[in-house]
Amino acid sequence: MLCLTEVTVPRTAGAPARPPGPPSLRTAVRDPYPLYRVLRTHHPLVYDEPFGAWLLSRHGDVRAALADPRLVPVAGHPAAPEAERPLDRALRGPAQAALTAAVERSAHVLARRLAARADADLVAEFCDWLPTATAVAALGLPYEETARVHSWCRAGLGRSEGGRRELGAFLRPLTARRRAHPGGDLLSVLCAARGDGGPLSDDAVTGLVGTLLGASGESTARALASFLANVLDHPRQLAVLRARPDLVPGAWAESLRRDPPQHIVLRRALAPVGAIPAGATVACLLGAAGRDPERFTDPDRYDAFRTDPGPLAHGTRPDALLAALTAEHGLRALLSALPGLRRAPGARQLPADLVHRSPRTLRVCV
């Protein structure tokens, strides 16, 4: 359980009872890492008034906060609720083979489309589409609906009431057919799944499909883009991964440590936690914690063979499994279809802001 009582926040005599802070996260647009270093060294627990949250930046504190039951997700930063358990069980049980086959097949289709090209942008032509194509194939949805589903994934369909209604209308005839004539796809598995009260309702199935489509959205695509950029920036490491594909999961974990797709995870305090008052917002800075020199040797360096990358951003949720499979089979497909794959020369675009910390483009020679 998180213990922050040892960390004190200095106050100036005569000042209001409001803890002062370092330069705000609001100022860390292009390069947040200098600020992260200042936070870890001088302000491990501090209130950032412009941002409106208490900041945690050290690896140990962030890890403890994410596991502390007194700190719960806030709106827009969901954890794995009880309702997601049928999906998690399905993905790690009868439907895992279908999901794995779907991501492998989808990755090879997308990679082969680039094989006849001289160059390509992996972000726009591979990373943005692979998670969606995988979800469509795994669920057994009509292939011709891929573009439509892709637009939903990017919009986070299934999280809003209107989105759930739209998704439910799309799935209703497909769900009815799967209930009458089940197959080996994930939608059939979900239609046959049982919750605490018996078989899942159509609304429950829609919610679980919405969760999977949410996992197929922007965060997974950005994580994949950062992963491919990291391995392409290290040709010698890439050569080893080409010869030893069993090492790819470790290389993926290392990319999540160094360049997580989500730098900030927000929590709300149900009760006082050390100096943090009840009701306060807590910002767990994954981007800072992943580069904590007290936890990692040479933390700014990407090392695909680091023995203990210890990523904080992903656990056992459905989106974590989908992202890991997407990274592993995505890289394998690219290396198989594009044996000469390498970064294209030229200037590289910097990430746009603190939230979107991934390549906006990834130009490669194929």
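The model shown is predicted, which means the values in this text are computed figures rather than measured ones. (Residues numbered from 1 in each chain as written. Predicted model: local features only at pLDDT ≥ 70, side-chain atom pairs only at ≥ 80, totals over all residues. Heavy atoms only, no water.)

Concerning the overall build of the protein
Within the protein, the regular secondary structure consists of 15 helices and ten strands. Counting over 366 residues, the protein shows a buried share of 50%. Across the protein, every contact between residues at least 6 apart in sequence was considered, and the portion connecting residues at least 24 apart equals 72%. Summed over its atoms, the accessible surface of the protein is roughly 16700 Å², and 54% of this surface lies on carbon and sulfur atoms. (Helix = DSSP H or I, 4+ residues; strand = E, 2+ residues; numbered from the N terminus. Buried < 20%, exposed > 50% of the residue type's maximum accessible area, 1.4 Å probe, protein only. Contact = heavy atoms within 4.5 Å. Areas by Shrake-Rupley, 256 points an atom, 1.4 Å probe, with all protein chains shown as cover.)

Looking at the nonpolar core
Counting residues in hydrophobic clusters, the biggest one holds 36 residues, and the most contacted among them are L122, F126, F227, L228 and L331. Of all elements in the fold, only α4 (96–114), α5 (122–127), α11 (218–232), α12 (235–243), α13 (248–258) and α15 (318–337) reach the threshold of two or more residues within this core. For this core, the element with the highest residue contribution is α11, accounting for eight residues. By size, the runner-up hydrophobic cluster in this structure holds 35 residues, among which are L139, L167, L187 and A193. (Core = buried A, V, L, I, M, F, W, Y, C linked by side-chain atoms within 4.5 Å.)

Structural notes on the packing of α4 against helix α6 (residues 130–139)
Packed helices, taken two at a time, are described by their axes: the angle between them and the distance between them. Packing of α4 against α6 leaves a shortest axis separation of 8 Å and a crossing angle of 135°. With respect to α6, the axis of α4 lies oblique. In the packing of α4 onto α6, the handedness of the crossing is right-handed. Only L130, A133, T134, A137 and A138 of α6 make contact with α4, whose side of the interface consists of A98, L99, A102, V103, R105, S106, A107 and L110. Here the contact of α4 with α6 is composed, by residue class, of ten nonpolar, two polar and one charged. (Axes fitted to C-alpha atoms, helices over the stretch in contact; angles between N-to-C directions. Parallel < 35°, antiparallel > 145°, perpendicular 65-115°, else oblique. Left-handed = near helix turned anticlockwise from the far one by under 90°. Nonpolar A, V, L, I, M, F, W, Y, C, P; charged D, E, K, R; others polar.)

Considering the pattern of salt bridges
Overall, the coordinates contain 18 salt bridges when judged by the stated rule. The salt bridge partner of E145 is R148, with a shortest N-O separation of 3.6 Å. Taking relative accessible area as the criterion, R148 reaches 37% and is therefore assigned partly exposed. As a salt-bridge pair, D202 and R179 come within 2.9 Å of each other at their nearest N and O atoms. On the criterion of sequence distance, the pair formed by D202 in helix α10 (residues 202–215) and R179 in helix α8 (residues 161–180) is long-range, its members being 23 residues apart. Residue class for R179 comes out partly exposed when judged on its relative accessible area of 35%. (Salt bridge = Lys/Arg side-chain N within 4 Å of Asp/Glu carboxyl O.)

Some remarks on the sheet that holds strand β1 (residues 45–48)
Within the open sheet, the five strands sit side by side as β1-β2-β8-β7-β3. Their pairing is mixed. Strands at the two margins of the open sheet, each flanked by one partner only, are β1 and β3 (71–73). Geometrically, the sheet is characterised by an average inter-axis angle of 35° between neighbouring strands, direction not taken into account. Summarising the sheet, strand β7 (residues 264–269) and strand β8 (residues 281–285) pair through five bridges and their orientation is antiparallel. Its bridge partner being in β8, I264 is matched across the sheet by L285. (Pairing = 2+ DSSP bridges.)

Notes on the sheet that holds strand β10 (residues 363–365)
In space, the three strands of this open sheet follow the order β4-β10-β9, with antiparallel pairing throughout. Of all strands in the sheet, those bounded by a partner on one side alone are β4 (119–121) and β9 (342–343).

Some thoughts on the pairing of β7
Side-chain positions along a regular strand alternate between the two faces of the sheet. Buried residues dominate β7, accounting for five of its six residues. Here three bridges tie β3 to β7, and the two strands are oriented antiparallel to one another. Opposite P73, over in β7, you have R267 as the bridge partner.

A word on the packing of aromatic side chains
One pass over the structure, following the stated rule, counts four aromatic pairs. Seen from their ring centres, F227 and W252 are 5.6 Å apart, and the 90° between their planes marks the pair as edge-to-face. One end of the pair, F227, is in helix α11; the other, W252, is in helix α13, and 25 residues separate them in sequence. In terms of burial, F227 and W252 fall into one category: buried. The cationic tip of R257 hangs over the ring face of F296; the distance from NZ or CZ to the ring centre is 5.1 Å. Sitting above the plane of the Y33 ring, R291 keeps its charged end 3.8 Å from the centroid. (Phe/Tyr/Trp six-rings, centres within 6.5 Å; stacked < 30°, edge-to-face > 60°. Lys NZ or Arg CZ within 6 Å of the ring centre and 35° of its normal.)

The analysis is restricted to geometry; functional conclusions fall outside its scope.
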